Amino acid sequence: MSIILDANAPETTSQNQDSDLIKDSSVETFVQDVIEPSMEMPIVVDFWAPWCGPCKNLTPVIEKVTREAGGRVKLVKVNIDENQELAMQLRIQSVPTVYAFKGGRPVDGFQGGQPESEVRAFYERLIGEPIESPIEALLEKAATALTEDDYETAHGLYVGVLEREKDNEIAIGGMIRCMVGMGEVEETRHFVDNMAELDRLKTPIAAAISALELAETGYSPEDLAAAREKVAADPTDMQAQYDLGMACFATSKRDEAVNAMITIIRTDREWNEDAGRTQLLKFFEAWGPMDPASVAGRRALSTVLFS
């Protein structure tokens, strides 16, 4: 049985936080928390307040990039409501404000909310080298495994991403694809049905749901031989071609699945309310735009439609 993470599970950021890299400070401990250690390594200071909306968005991003920096930077957080004297000394006029300290003094900083890319660039300027996201590395490895139909490996990698970012839509979509590929259709349907409607509409998740819907059509390896026999007996039998395409999809014979639907479109474009093209587009969505079968299939579809 594969693992599906609970989309409503509580955040574990604070539980997993490395206290040696990230800590809270105050006016009494600021020198030992920031000034002294900044003589040896960069210290980023996040000035925030409980009532500050942008702070609630920025602080988790800063914490994440701090961890990804792998010990090359430390983060200190200061609640200005509890440390007004310190905020006045450092001329903090609004929050969030972020300062970077080196050699006992501030050397860089910014104010206001920032996207993760800007926070990462800030850290990279500070340490003078790139910070690679382990999330991106995991997603890349998972995508490769998924393309190779190595569903167990890809699933484990996607779970690793979701343990760090439970709302990562690429990982959620990838995990749905893996579950479908491993034949766990009922369990996947239950998971999808319990997702928020807005989440189901996100592109990576919506595409994965297309794969689930195709798997739910009921075509199986047993249907493949029968469909091939019918097509061999009568290549103009559009229903047989359709069944062949669907059975090939169910058994991961992607090129054959494309060819069957292309045959329908070429022979009778309007058959069954354009069913050949409709299902072919669902194949592309289920496989993903970069899958070789999707790339070749779109090229073939364009040739048929515009020739």
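Structure first, text after, so check above.
Notes on the structure follow. (Residues numbered from 1 in each chain as written. Predicted model: local features only at pLDDT ≥ 70, side-chain atom pairs only at ≥ 80, totals over all residues. Heavy atoms only, no water.)

### Considering unusual backbone geometry
For the bond running from Val95 to Pro96, omega is 0°, close enough to zero to count as cis. Summarising the element assignment, Pro96 is placed in the loop between helix H4 (84–89) and strand E4 (97–102). Notably, Arg91 is not glycine yet its phi reads approximately 60°, a positive angle. Along the chain, Arg91 falls in the loop between H4 and E4. With a phi close to 50°, Asn272 is a non-glycine residue in the positive phi region. (Helix = DSSP H or I, 4+ residues; strand = E, 2+ residues; numbered from the N terminus.)

### Topic: the state of the cysteines
Counting across every chain of the model gives 1 disulfide. Disulfide pairing places Cys52 opposite Cys55 at an S-S distance of 2.4 Å. Taking the sign of the S-S torsion, about 85° here, the bridge from Cys52 to Cys55 comes out right-handed. You'll find Cys52 and Cys55 in the same group, each marked buried. (Disulfide = S-S within 2.5 Å. Buried < 20%, exposed > 50% of the residue type's maximum accessible area, 1.4 Å probe, protein only.)

### Here we look at the sheet that holds strand E5 (residues 105–111)
Pairing within the open sheet is mixed, and its 5 strands lie in the order E1-E3-E2-E4-E5. The open sheet has two edge strands with one neighbour each: strand E1 (22–24) and E5. The sheet shows a mean angle of 20° between the axes of neighbouring strands, taken without regard to direction. Of the strands in this sheet, E1, strand E2 (43–48), strand E3 (74–79), E4 and E5 touch helix H3 (residues 53–68), which is tilted by about 160° from E3. Contacting E2, E3, E4 and E5, helix H5 (residues 116–127) crosses the sheet at an angle of about 165° to E5. (Pairing = 2+ DSSP bridges. Axes fitted to C-alpha atoms, helices over the stretch in contact; angles between N-to-C directions. Contact = heavy atoms within 4.5 Å.)

### Some points on the pairing of E2
In terms of residue burial, E2 counts as a mostly covered element, since 5 of its 6 residues are buried. Of the pairings in the sheet, the one linking E2 to E3 comprises 6 bridges and is parallel in character. Opposite Val44, over in E3, you have Leu75 as the bridge partner. Each parallel crossover has a hand, and the one from E2 via H3 to E3 is right-handed. (Right-handed = clockwise from strand over helix to strand, strands pointing away.)

### Thoughts on the packing of aromatic side chains
Considering all chains together, one arrives at 9 aromatic pairs under this definition. On the basis of an interplanar angle of 75° and a centroid distance of 5.8 Å, the ring pair of Phe30 and Phe101 is categorised as edge-to-face. Here Phe30 is found in helix H2 (residues 30–35), whereas its partner Phe101 is found in strand E4, with 71 residues between them in sequence. Each member of the pair, Phe30 together with Phe101, is buried. The interplanar angle of 5° and the centroid separation of 4.9 Å between the aromatic rings of Phe249 and Phe283 together place this pair among those described as stacked. Of this pair, Phe249 sits in helix H13 (residues 238–250) while Phe283 sits in helix H15 (residues 271–287), placing them 34 residues apart in sequence. (Phe/Tyr/Trp six-rings, centres within 6.5 Å; stacked < 30°, edge-to-face > 60°.)

### A short note on H3
Taking 1.5 Å of rise per residue, 16 residues should cover 22 Å, and H3 covers 24 Å from first to last C-alpha, within 8% of that figure. Cys55, Leu58, Thr59, Val61, Ile62, Glu63, Lys64, Val65, Thr66 and Glu68 are the residues of H3 that are buried. Gly70 occupies a position one or two residues after H3 and carries a positive phi of about 65°. (Expected span 1.5 Å × (residues − 1).)

### Describing the side chain of Gln241
As for its placement among the helices and strands, Gln241 is situated in helix H13. Of the residues examined, Gln241 reaches a relative accessible area of 6% and is grouped as buried. In this view, Gln241 contacts Val231, Pro235, Ala260, Thr263 and Ile264; residues no more than four positions away in its chain are not counted.

### Focus: the pattern of salt bridges
In the structure shown here, the tally under the stated rule is 18 salt bridges. A salt bridge links Lys64 to Glu165, with the shortest nitrogen-to-oxygen separation between them at 2.4 Å. Of this pair, Lys64 sits in helix H3 while Glu165 sits in the loop between helix H7 (151–164) and helix H8 (169–181), placing them 101 residues apart in sequence. Its relative accessible area of 19% is what places Lys64 among the buried residues. Assessed through its relative accessible area of 22%, Glu165 is described here as partly exposed. Across the pair Glu68 and Arg120 runs a salt bridge, and its minimum N-O distance is 2.8 Å. Taken together, the residues span a long stretch of sequence, with Glu68 in helix H3 and Arg120 in helix H5 at a distance of 52 residues. With relative accessibility at 12%, the residue Glu68 sits in the buried group. Judged by relative accessible area, Arg120 falls into the buried class, the value being 13%. A single network of salt bridges, built from pairs that share partners, joins Lys64, Glu68, Glu116, Arg120 and Glu165. (Salt bridge = Lys/Arg side-chain N within 4 Å of Asp/Glu carboxyl O.)

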